[in-house]
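# Coordinate inspection notes
So the chains spell out like this:
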Amino acid sequence: MRPVVRVAGSRRRFVQRTAALAVGVAVAACGDPVRHKREVATWLEPLHGFYGGLLTDRMDPTGTPLPGGNETSFSFLAPEGVVSVLGSLFVADAGYGRVFRLDRGTGLMAAVPGLRIASGTKLRAGLDGTLYVLDPLGAEIRRVSLHGVSLPAMHARLPTSRYLDFVVEGATGRVFAVDGVHKLIDRIEPVGRVALDILEIDAAGPIALQDGSVLLADNRCACVNEFREGKLVRRLGQGLIRQAADLVVDRGEIYLLDAFDRSISRVNEGGLESIFPAQLDLISPKQIFVSNGIMHVADPAKRAVSLYRIHRRLP
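What counts, and at which threshold
Residues numbered from 1 in each chain as written. Predicted model: local features only at pLDDT ≥ 70, side-chain atom pairs only at ≥ 80, totals over all residues. Heavy atoms only, no water. Helix = DSSP H or I, 4+ residues; strand = E, 2+ residues; numbered from the N terminus. Contact = heavy atoms within 4.5 Å. Areas by Shrake-Rupley, 256 points an atom, 1.4 Å probe, with all protein chains shown as cover. Salt bridge = Lys/Arg side-chain N within 4 Å of Asp/Glu carboxyl O. Buried < 20%, exposed > 50% of the residue type's maximum accessible area, 1.4 Å probe, protein only. Phe/Tyr/Trp six-rings, centres within 6.5 Å; stacked < 30°, edge-to-face > 60°. Pairing = 2+ DSSP bridges. Disulfide = S-S within 2.5 Å. Axes fitted to C-alpha atoms, helices over the stretch in contact; angles between N-to-C directions.

### A closer look at the overall build of the chain
Broken down by element type, the chain carries one helix and 27 strands. Considering only contacts in the chain between residues 6 or more positions apart, those separated by 24 or more positions represent 45%. Put simply, the chain shows about 15500 Å² of open surface, and 56% of that area lies on carbon and sulfur atoms.

Here's what the structure looks like:
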């Protein structure tokens, strides 16, 4: 009996072992993958989206839309900003130049009276439902109460100041605003109307607050800087951020929207956990808002506000 020739099988095993070795060497050369911007599609779970609703002209004294008025089917045109507070969703639509209040339970919508916006408007909210609106071309932050009453505007410290971004401190109602011209962070008290500078910065960017710290996205270091009592204490995601567009903190976790590739990232000590628009059925997200573990994403190109459940990192 002639012996069986096993050359083909041996060659196949040799190729497989060589390929596995090459992959191992490549992984080792890259180092710890946690320290690099990586694609992780598991921590954001799609829920549903809002494309519009029934627009009504009937509201109660608190501004909540009510049935029984003149109702027309309404679709968002270019939603650029979104906040959720006290059970209502507020959407800044640059296409219409208005802010709309959406009642999630009824699907009814109403325009917030006396409030006009432009493209690039920053929309924030206080715990009491007060809306804060930053005009990108102006030097003031306008305020409207939950009932639609105009409140005194908050003015910048100098006439030449231009605020790039701002955040409202929930516990105190203070506003912290980033002056892109003078490279300063201003603080405005809730009963005050004039800002006081509290911190010099190297570069202006989106701002957030976390447990007494000021977080600032800095495109120069491509990172998120954390300041405490006026001093830089750490840098997160250094070298991984291209063009920070929005920064949010919720329950101790930091989230960032990068305008360069429109990725949404969770920022941590090791780097960024990034998800890209196509993975979330988004096109060009403009603003993110997070509350109680739910992320809201305003996408003017999609003409929608999309919601996602956040799966938190394990301790």
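### Digging into the environment of Glu200
Within the fold, Glu200 resides in strand E16 (residues 196-200). C-alpha of Glu200 to C-alpha of Asp186: the two residues are 14 residues apart in sequence and 9.3 Å apart in space. Those residues in contact with Glu200 that sit more than four places away from it in its chain are Lys183 and Leu184.

### Quick notes on the pattern of salt bridges
Taken as a whole and judged by the stated rule, the model has 14 salt bridges. A salt bridge links Arg234 to Glu269, with the nearest nitrogen and oxygen atoms 2.4 Å apart. Of this pair, Arg234 sits in strand E20 (residues 231-236) while Glu269 is found in the loop between strand E23 (263-268) and strand E24 (271-275), placing the two residues 35 residues apart along the sequence. Given the relative accessible area of 29%, Arg234 is considered partly exposed. Between Asp281 and Lys302 there is a salt bridge, with the nearest N and O atoms lying 3.5 Å from each other. Placement of the pair is Asp281 in the loop between E24 and strand E25 (287-291) and Lys302 in the loop between strand E26 (294-299) and strand E27 (304-310), with a sequence separation of 21 residues.

### Overview of the packing of aromatic side chains
Evaluated as defined, the whole model comprises five aromatic pairs. Consider the rings of Trp43 and Tyr255, whose centres lie 5.9 Å apart with planes at 20°: the pair is stacked. Of this pair, Trp43 sits in the loop between strand E1 (38-39) and strand E2 (44-50) while Tyr255 is found in strand E22 (residues 253-258), placing the two residues 212 residues apart along the sequence. Tyr255 shares its class with Trp43; the two are buried.

### Brief notes about the pairing of strand E18 (residues 213-218)
With six of six residues buried, E18 is to be regarded as a mostly interior element. Side-chain alternation along E18 places Ser213, Leu215 and Ala217 on one buried face and Val214, Leu216 and Asp218 on a second face that is also buried. Summarising the sheet, strand E17 (residues 207-210) and E18 pair through four bridges and their orientation is antiparallel. Its bridge partner being in E18, Gln210 is matched across the sheet by Ser213. Between E17 and E18, which follow one another and run antiparallel, lie two residues, and Asp211 among them has a positive phi close to 50°. The pairing of E18 with strand E19 (residues 223-228) spans five bridges and is antiparallel. Considered in E19, the bridge of Asp218 is made with Cys223. Hairpin connection of E18 to E19: four residues between the antiparallel strands, including Ala222 at a positive phi of 55°.

### A look at the environment of Pro300
Here Pro300 is to be found in the loop between E26 and E27. Along the sequence, Pro300 and Pro79 sit 221 residues apart, while their C-alpha atoms lie 4.7 Å from each other. If near-sequence neighbours (up to four positions away) are discounted, Pro300 is found in contact with Leu77, Ala78, Pro79, Glu80, Ser284 and Lys286.

### Overview of the state of the cysteines
Across all of its chains, the model carries one disulfide by this definition. The disulfide bridge from Cys221 ends at Cys223, spanning 1.9 Å between sulfur atoms. Across the S-S bond of Cys221 and Cys223 the torsion is about -75°, and the bridge reads as left-handed. Pair check on accessibility: Cys221 and Cys223 agree, each one buried.

### Considerations on the sheet that holds E16
Spatial ordering of the open sheet is given by E13-E14-E15-E16, a layout of four strands whose pairing is antiparallel. At either margin of the open sheet sits one strand with a lone partner, and together these are strand E13 (163-168) and E16. Across the sheet, the mean angle from the axis of one strand to that of its neighbour is 25°, orientation sign disregarded. Where strand E14 (residues 175-179) lies against strand E15 (residues 184-188), five bridges are found, and the strand directions are antiparallel. Note that in E15 the partner of Val178 across the bridge is Ile185.

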